[in-house]
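# Coordinate analysis (summary)
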Amino acid sequence: MVDPKQQKQFSTALRQAMDYMLEEGRLEDMISNAQSIGAEKAAASTVAMLLRGIYTAAESAGTKLSMDVVLAVGMHVLNLIAEAFIMKGLLKEADAKTFASKVSQMAMAQGGVK
């Protein structure tokens with residue numbers, strides 16, 4: 001059973017993440033960055049920066065997001081990024097699970113979320 005408070009936090013944080021990722025030009029910029037530094041590095045830096053921003057904004061508003069919420073939002077964002085990379089030929093569909101796993105580890109290493 002999902003805690004209603006966590007569900008609300010997840011919904012709010014995911015909406016913020018999707019709004020950010022779908023801003024005009026955002027995915028195109030990330031794809032360009034991926035072509036320069038590699039798909040994994042580009043995705044990891046984007047996810048780490050985005051999750052730090054959401055976590056910090058929530059903290060500033062007096063809300064402490066659980067790590068479960070942060071990780072769930074991160075995985076949704078990674079799925080969006082993987083889809084974009086697959087469509088642009090930067091990632092093979094068969095490699096998407098490995099990509100998500102490696103990028104999530106890289107993003108956590110870049111951290112900033114307590």
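Before going into details, it helps to say that this report is about the structure given with it. Everything numeric in this text was worked out from a predicted model, so none of it was measured.

Broken down by element type, the chain carries five helices and zero strands. For 114 residues, the compact-globule formula gives about 13 Å, and the C-alpha radius of gyration of the chain, at 14 Å, lands near that figure. Overall, the C-alpha framework of the chain stretches about 40 × 30 × 25 Å when taken along its three principal axes. Expressed as a percentage of the 114 residues in the chain, the buried residues total 36%. Across the chain, the fraction of contacts at a sequence separation of at least 24, relative to all contacts at a separation of at least 6, is 75%. Summed over its atoms, the accessible surface of the chain is roughly 6,900 Å², and 55% of this surface lies on carbon and sulfur atoms. Counting 12 positive and 12 negative side-chain charges, the chain places the centres of these two groups 6 Å from one another.

With that settled, the discussion passes to the environment of Ala-43. Tracing the backbone through its elements, the reader meets Ala-43 in helix 3 (residues 39–60). With a relative accessible area of 0%, Ala-43 lands in the buried category. Note: C-alpha distance between Ala-43 and Phe-99 (56 residues apart in sequence) is 9.5 Å. Those residues in contact with Ala-43 that lie beyond four places of it in its chain are Met-30, Ile-81, Phe-85, Phe-99 and Val-103.

A few words now on the nonpolar core. Formed by 36 residues in total, the largest nonpolar core has its most connected members in Met-21, Val-73, Val-77, Ile-81, Phe-85 and Phe-99. Counting only elements with at least two residues in this core, the list comes to helix 1 (4–21), helix 2 (26–37), helix 3, helix 4 (67–87) and helix 5 (96–110). For this core, the element with the highest residue contribution is helix 3, accounting for eleven residues. In this view, Phe-85 contacts Met-30, Ile-31, Ala-34, Ala-39, Ala-43, Leu-90, Leu-91 and Phe-99; residues no more than four positions away in its chain are not counted.

We now examine the side chain of Gln-9. Looking at where Gln-9 falls in the secondary structure, it is placed in helix 1. A residue is classified by how much of its surface remains accessible, and Gln-9, at 10% relative accessible area, is buried. When sequence neighbours within four positions are dropped, the list of residues in contact with Gln-9 reads Thr-63, Lys-64, Leu-65, Ser-66 and Val-69.

Our next topic: the pattern of salt bridges. As enumerated under the stated definition, the model contains two salt bridges in all. A salt bridge links Glu-23 to Arg-26; the shortest N-O distance between them is 2.3 Å. Owing to a relative accessible area of 40%, Glu-23 belongs among the partly exposed residues under this scheme. Judged by relative accessible area, which is 25%, Arg-26 ranks as partly exposed. As a salt-bridge pair, Lys-102 and Glu-40 come within 3.3 Å of each other at their nearest N and O atoms. Here the residue Lys-102 occupies a position in helix 5, and Glu-40 occupies one in helix 3, the gap between them amounting to 62 residues. With a relative accessible area of 41%, Lys-102 lands in the partly exposed category. A relative accessible area of 28% places Glu-40 in the partly exposed class.

Cut-off values and rules
- Residues numbered from 1 in each chain as written.
- Predicted model: local features only at pLDDT ≥ 70, side-chain atom pairs only at ≥ 80, totals over all residues.
- Heavy atoms only, no water.
- Helix = DSSP H or I, 4+ residues; strand = E, 2+ residues; numbered from the N terminus.
- Rg over C-alpha atoms; globule rule 2.2 N^0.38 Å.
- Buried < 20%, exposed > 50% of the residue type's maximum accessible area, 1.4 Å probe, protein only.
- Contact = heavy atoms within 4.5 Å.
- Areas by Shrake-Rupley, 256 points an atom, 1.4 Å probe, with all protein chains shown as cover.
- Lys, Arg positive; Asp, Glu negative; His and termini not counted.
- Charge placed at Lys NZ, Arg CZ, Asp CG, Glu CD.
- Core = buried A, V, L, I, M, F, W, Y, C linked by side-chain atoms within 4.5 Å.
- Salt bridge = Lys/Arg side-chain N within 4 Å of Asp/Glu carboxyl O.

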